[in-house]
Structure formats: structure tokens, C-alpha cells
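So the chains spell out like this:
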Amino acid sequence: MTTSATGPGAATDAKTFPYQRRCPFSPPAEYAAMAEQDVSEVTLTGSGLRIWTVTGYHTIRKLLTDPRVSASRKHANFPFYFVAPPEYRTETSFIGYDGAEHTTTRRKAALTFTNRQVQRLRPRIEQIVDEHLDLMLGMQPPVDMHRVFSLAVPMTVICELLGIPQDKHDFFIKHGTALLGGHSSTEERQAAIVEVNAYVDELIQLKKREPGDDLLSRAMADYAASGEEYTDRDLFNMVRLLMNGGHETTASQISLGTACLLENPDQLQLLLDDPALVKPAVEELVRFATIGDTAVPRVALADLEIGGQVIRKGDGILCLGLAANRDPETFPEPEKLDITRGSRKHLGFGHGVHHCIGADLARLELEIVWSKLFRRIPGLRLAKPFLEIPRKEGAVIYGLWELPVTW
């Protein structure tokens, strides 16, 4: 092991990353040794960049509040583990901003995602969930629940929040897969960015002419009222971020969490016996699955020392959420699914100023889904062995490519 990440091309014994999970809910086997030393050097498969990974729960929490690390994609060693088109570095929103720029930009969307505002959406989200359960129940099983339900529910919710017509749902699902799915070429990602940007530009011009009761219209009104300067680029980066974060993540969590409950019938029975357990169940399933294991990249702005290891200024860092969420010092028996645990200490929604802006919305959607799904379809079961269902290995957001179910 070298003492610092020295950049692409230099000799190293670092392993190629990311690693595959042992099974959909278990960390890669390599994480055990990595957890012992907390900080490890790895080589990213797609880009060849050597970076540091951090695994400890408390170490990651501290790192994510350290002003000496940056979320900006513009740094040369930012740890994309695929070859990123230039737009990945320049076309971003508050998820890739630091300091005052992050605070100012995030504030434009934050009021829509407060817990109070989100709870006002409960009746409509319940209606959306019921409508899609009706559609699924009207089909002849087996059915791909991921396609007809898990993707459709959060896509409908986020499109309504942003004022995007329903006929664009498939468009955003297709391009979200291209951008986050893990198997796209650089050219495919580039094409997806161009097409999404073109549509969002059209949407912004429409909202300027005909503002509505939606987040995008309110953000433009907020900018105008405050006198702050902004560009259309600021708006469409925000829309793209919320579209990707608002459907791909929740969809993956719905499918993976549902499969997890079906594979752990004792836990599912606890939930059926006591519906009040749905809130702690959401927290535990988010912890247990950790779909954003590799979705928290950073770059060191100064030399850092973590556990005796020096991370040099400019080095890329990945905070491994799945390893942190299985830290036995924080979560006793971390490999065990226990929906009564209910701890909100997990890092499934990140930590610090970049904590997921849509966390309360995601929690509400998951709560409603798992409150209704198994009661309306009491005989729900997997239509093929779980380990035969293809998984999104190497994707930015982990999950299942499909979820074949029957009843």
C-alpha cells in the first residue's frame, strides 16, 4: 500500500474498484479488510484514476462536514469511476457546489422539500400509489413490478412537483438509465445529456411564459423577487438533479426494499401485524440496502490525515455508505435486517450540508408504498429466485434491473 494517491499512471498495488456485492444486500467481500484499516487506495475501473475509499461510519460523518474536502466535479481528480463527458463536470447543481454557492442554489428548491410541505403531498401520493397498484393488479402476472410500479410512482410524483407533463415520463426514465445505469458508453451519456438539456430548456421557456404551481415556476419567481442574478443553466441543472435524484433513487429503493421484505418473511410479518412499524422499517431498509454506496465522491482541498494515512491535496475520495451502514460500532448486528431497529443514524441519505434534499419526500413515498403494497396484494411473491434477478452492478445508484412478481 502506498502512502498517498499519486495520480493516474504511477505504480501501485491498488485494486480495481467498484467491487461486486456478495449478494444484493451484503457488502463486497473486499470491504471486510478495507473496514479494518478505514482508508484504502483503489483504482477506478473505468477511468483508471487512483483514489481513496473511506469506510468507517464516524470517519465518513466527520469527513462530510470538513471544509477541507470539496464536492465540486470540476477538480481533475474528481472520482468518477466511468469516463465522464465534460458536462458531468460543468453541468451540475448544488450537489456539486461548495460553500455559499451551494447554500444559495440549494435554497431555491429547499422550501418545496421541507417536512411540512412534503406532508401536504400525502393525499396525492397515496392516490398515485393506489392508481399504480390498480394498474398492476389489472395485469396478468407475472409482472415486472420495477417497470410498472417502482419507477412509475416516484416519476409521477417528481414530474408533478416540477410541472413536467406525464407524457415525458418514459423520456426521463430512459435517459436516467443512460446517465446512472452503469453500462452506458461515454457517447450514450453525452447524447442523453444533450437531449435532456434540450427538453429542460424548452420547459424553462414555457414556464417563463406560462408559470404554474410548481417548483420550477416558484424558483424563477424567487430569483426575480430577490433580485439575484441567475441563468437558465442554473435552472435546468436544478431540474436535472431533482429529476434524477427524485425518481431513480426512490425507484431502486422500492424494488430492492420490497424484494428484501419478501426474502425476509419474518420481518414482513412483523410489518403486517403492526402497521405502525412502517416508519422504522423505512429507515432500516434504507440502511440495509444502501443504494448510494458509491454516490458520495469528494476531493481533498488540503492534505488530510485519517487514521495515520495521509490523503494529499487534490486526491479523490469515495465515502462508502454501505460499509458505514454496516459499522458494528454504530449498528449492532449490522448484517441482520431488523425493522424494529428504526435508527435514523444511517448514512442512506448522506450527511452534512449535502444531506439529500429530498429525504423527507423519499421517506413519505416509501412509507406509503410499504403501507399499501402488501395489504392490497397479500399474496405478492417473487416470480423467480431472487439471486437470478439481474442487479445494477457498477451503477451510480445500486438496484435491480427488474423485479418479476406474481400473486
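Here, every reference points to the structure presented above.
None of the values given here were measured: they were computed from a predicted structure. (Residues numbered from 1 in each chain as written. Predicted model: local features only at pLDDT ≥ 70, side-chain atom pairs only at ≥ 80, totals over all residues. Heavy atoms only, no water.)

A. Here's a closer look at helix H8 (residues 152-162). Of all eleven residues making up H8, ten are buried, and the element is well covered by its neighbours. All of the buried residues in H8 are Ala152, Val153, Pro154, Met155, Thr156, Val157, Ile158, Cys159, Leu161 and Leu162. Directly beyond the C-terminal end of H8, a positive phi value near 75° is found at Gly163. (Buried < 20%, exposed > 50% of the residue type's maximum accessible area, 1.4 Å probe, protein only. Helix = DSSP H or I, 4+ residues; strand = E, 2+ residues; numbered from the N terminus.)

B. Representation of the sheet that holds strand E5 (residues 143-144). Spatially, E5-E11-E10 is the arrangement adopted by the three strands of the open sheet, whose pairing is antiparallel. Only two strands of the sheet have a single neighbouring strand rather than two, namely E5 and strand E10 (381-382). With two bridges joining them, E10 and strand E11 (residues 404-406) adopt antiparallel strand pairing. Across the sheet, residue Arg381 finds its bridge partner in E11, namely Thr406. (Pairing = 2+ DSSP bridges.)

C. Just the pattern of salt bridges, in detail. By the definition in use, this model includes 20 salt bridges. For Lys372, the salt bridge goes to Asp130, with nearest N and O atoms at 3.0 Å. Note that Lys372 is positioned in helix H16 (residues 359-376) and Asp130 in helix H6 (residues 122-137), a separation of 242 residues in sequence. The class for Asp130 is partly exposed, based on a relative accessible area of 23%. As a salt-bridge pair, Glu284 and Arg341 come within 3.1 Å of each other at their nearest N and O atoms. On the criterion of sequence distance, the pair formed by Glu284 in helix H14 (residues 278-289) and Arg341 in the loop between helix H15 (321-324) and H16 is long-range, its members being 57 residues apart. Take Glu284: its relative accessible area is 1%, and that puts it in the buried class. Among the charged side chains, a network of salt bridges with common partners joins Asp130, Asp134, Lys372 and Arg376. (Salt bridge = Lys/Arg side-chain N within 4 Å of Asp/Glu carboxyl O.)

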